[in-house]
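# Results of the structural survey
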Amino acid sequence: MLGVTDLIAGIFKPAAELIDELHTSEDERLTAKGHLLDVQAAAMQRVFDYEKSTLEAQANIVNSEA
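The model shown is predicted, which means the values in this text are computed figures rather than measured ones. (Residues numbered from 1 in each chain as written. Predicted model: local features only at pLDDT ≥ 70, side-chain atom pairs only at ≥ 80, totals over all residues. Heavy atoms only, no water.)

The secondary structure content of the protein amounts to two helices and zero strands. Summarising its shape, the C-alpha atoms of the protein cover approximately 60 × 20 × 10 Å along the three principal directions. Expressed as a percentage of its 66 residues, the buried residues of the protein come to 15%. For the protein, the accessible area works out to roughly 5200 Å², and carbon and sulfur atoms hold 61% of it. For the protein, the distance from the average site of its 5 positive side-chain charges to the average site of its 12 negative ones is 1 Å. (Helix = DSSP H or I, 4+ residues; strand = E, 2+ residues; numbered from the N terminus. Buried < 20%, exposed > 50% of the residue type's maximum accessible area, 1.4 Å probe, protein only. Areas by Shrake-Rupley, 256 points an atom, 1.4 Å probe, with all protein chains shown as cover. Lys, Arg positive; Asp, Glu negative; His and termini not counted. Charge placed at Lys NZ, Arg CZ, Asp CG, Glu CD.)

Set out below in structure tokens:
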């Protein structure tokens, strides 16, 4: 699971670095970075939701077998 979160963070890291290098105002950079973090958080939430549903399905199988 940790590998997936590292992968997602790695995908967004170059974009965050690019935003840091933009020649715009500090407010515009912070706004852009905020939007990027929102997208990253949404991606992480989808991964966590998937993992949760997978674990619940596995638990149901174990309960059924018991």
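The next point concerns helix 2 (residues 26-65). In this model helix 2 runs 58 Å from its N-terminal to its C-terminal C-alpha over 40 residues, within 8% of the 58 Å that 1.5 Å per residue would give. Buried residues of helix 2: Arg 29, Leu 36, Gln 40, Met 44 and Val 47, and no others. (Expected span 1.5 Å × (residues − 1).)

On to the nonpolar core, then. In terms of nonpolar packing, the biggest core is built from seven residues, these being Ile 8, Phe 12, Ala 16, Ile 19, Leu 36, Met 44 and Val 47. Of all elements in the fold, only helix 1 (2-21) and helix 2 reach the threshold of two or more residues within this core. Tallying contributions element by element places helix 1 first for this core, with four residues. Apart from the residues lying within four places of it in its own chain, the contact partners of Ile 19 are Arg 29, Ala 32, Lys 33 and Leu 36. (Core = buried A, V, L, I, M, F, W, Y, C linked by side-chain atoms within 4.5 Å. Contact = heavy atoms within 4.5 Å.)

The subject of this paragraph is the pattern of salt bridges. Under the counting rule described, the total for this entry stands at three salt bridges. Salt-bridge contacts for Lys 33 lead to Asp 20; the nearest nitrogen and oxygen are separated by 2.7 Å. Of this pair, Lys 33 sits in helix 2 while Asp 20 sits in helix 1, and the two are 13 residues apart along the sequence. For Glu 26, the salt bridge identified is with Arg 29, shortest N-O distance 2.7 Å. Note that Glu 26 and Arg 29 are positioned in helix 2 at a spacing of three residues, about one turn of the helix. (Salt bridge = Lys/Arg side-chain N within 4 Å of Asp/Glu carboxyl O.)

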